[in-house]
Amino acid sequence: MAKTKENEIVETPSNELSTAVTGIEIDIDDIEIPRINICQKMSESDAPVGSVLYDKTYVLAAPNTPLKATPVVAQKGWRENIPFDEEDIPRIAWTKEQSAEIAAGSDWEMTEFAELTLLIRQPEEGADPDAFQLPIGDHNYALGKINVGKNAYRSTYKRLATNAALTGQPIHEKIWNFTSEELSKGKYTWYNPTLTATKEAVDESVAGFVSNFLQHNA
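Worth saying up front: this structure is predicted, and the values here are computed from it rather than measured. (Residues numbered from 1 in each chain as written. Predicted model: local features only at pLDDT ≥ 70, side-chain atom pairs only at ≥ 80, totals over all residues. Heavy atoms only, no water.)

Caption draft 1: Spotlight on the overall build of the protein. Helix and strand content of the protein: 4 helices and 14 strands. Excluding contacts between residues fewer than 6 apart, the proportion of contacts in the protein whose partners are at least 24 apart in sequence is 60%. Approximately 13,500 Å² of the protein is accessible, and the part contributed by carbon and sulfur atoms is 48%. (Helix = DSSP H or I, 4+ residues; strand = E, 2+ residues; numbered from the N terminus. Contact = heavy atoms within 4.5 Å. Areas by Shrake-Rupley, 256 points an atom, 1.4 Å probe, with all protein chains shown as cover.)

Caption draft 2: Main features of the pattern of salt bridges. In the structure shown here, the tally under the stated rule is 4 salt bridges. With its nearest N and O atoms 2.5 Å apart, the salt bridge here joins R35 to E115. Here R35 is found in the loop between β4 (24-25) and β5 (36-38), whereas its partner E115 is found in strand β10 (residues 110-121), with 80 residues between them in sequence. On the accessibility criterion, E115 (13% relative accessible area) is buried. Notably, a salt bridge pairs R91 with E80, separated by 3.1 Å at the nearest N-O pair. One end of the pair, R91, is in the loop between β8 (67-80) and β9 (92-93); the other, E80, is in strand β8, with 11 residues separating them in the sequence. (Salt bridge = Lys/Arg side-chain N within 4 Å of Asp/Glu carboxyl O. Buried < 20%, exposed > 50% of the residue type's maximum accessible area, 1.4 Å probe, protein only.)

Caption draft 3: Summary view of the side chain of T198. Within the secondary structure layout, T198 lies in strand β14 (residues 188-201). Here T198 falls in the buried class, since its relative accessible area comes to 15%. Reaching out from T198, the side chain makes a polar contact with the backbone nitrogen of E200 at a distance of 3.1 Å. Those residues in contact with T198 that sit more than four places away from it in its chain are K68, K174, I175, W176 and N177. (Polar contact = N/O pair within 3.5 Å; in protein donor to acceptor, adjacent residues only side chain to side chain.)

Caption draft 4: Spatial organisation of helix α4 (residues 204-216). For α4, spanning 13 residues, the distance from its first C-alpha to its last is 18 Å, which sits close to the expected 18 Å at 1.5 Å a residue. Those residues of α4 that sit buried are V206, G208, F209, V210, N212 and F213. Summarising the contacts, the buried residues of α4 are in contact with β8, β10, β11 (134-136) and β12 (139-149). (Expected span 1.5 Å × (residues − 1).)

Caption draft 5: Up close: the pairing of β10. Across the 12 residues that make up β10, a large majority, 11, are buried. As defined by bridge partners, β8 adjoins β10 across 11 bridges and the pair is classed as antiparallel. Bridge pairing in β10 links A74 to L116. By the bridge criterion, 9 bridges tie β10 to β12 in an arrangement that is antiparallel. Across the sheet, E115 pairs through a bridge with N147, a residue of β12. (Pairing = 2+ DSSP bridges.)

Next up, the structure:
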């Protein structure tokens, strides 16, 4: 429950995104969701290589250590596959039509990627507790976004899409294991984010939070 500046009482469920909070005027567009990154050997971070890093500050998990995650949003896009040593900034499309338009005038092929929003449950041990600042039901959570392409796109977004197509269930109805897994190809080794479905359904409090989040971000 909260009071507006006119002293009108506003009922706000604990799992809803509130824009009526004392002392600040909130627009839904001002809500910034922290990034999730997988630390690589070339990453500019002091975090261990292969660890899951949240908001460039908090280590959520060591490599090959699964986190319980609820996928909230999975948005597919296309971007120019420009090598890292080129100065050009890849152009991005959010529809096939836009992708085709860019491809028609580009020297680079368009590749698929996805922007995933994940609600990650605080594990019992091994993670920085300060990262999990969302109390929902019986657990604390961290809400974050991760950008995935190439191998990471296949091991996350495509798994979500395949599961949803075959089961007919929304992606946020079950809990997934989110893991930073070590991959090797020839002389190269790196860590790749993966999502693996579990049989565990989300509880009512998480379902309510996700429902309200999607409603506010439609």
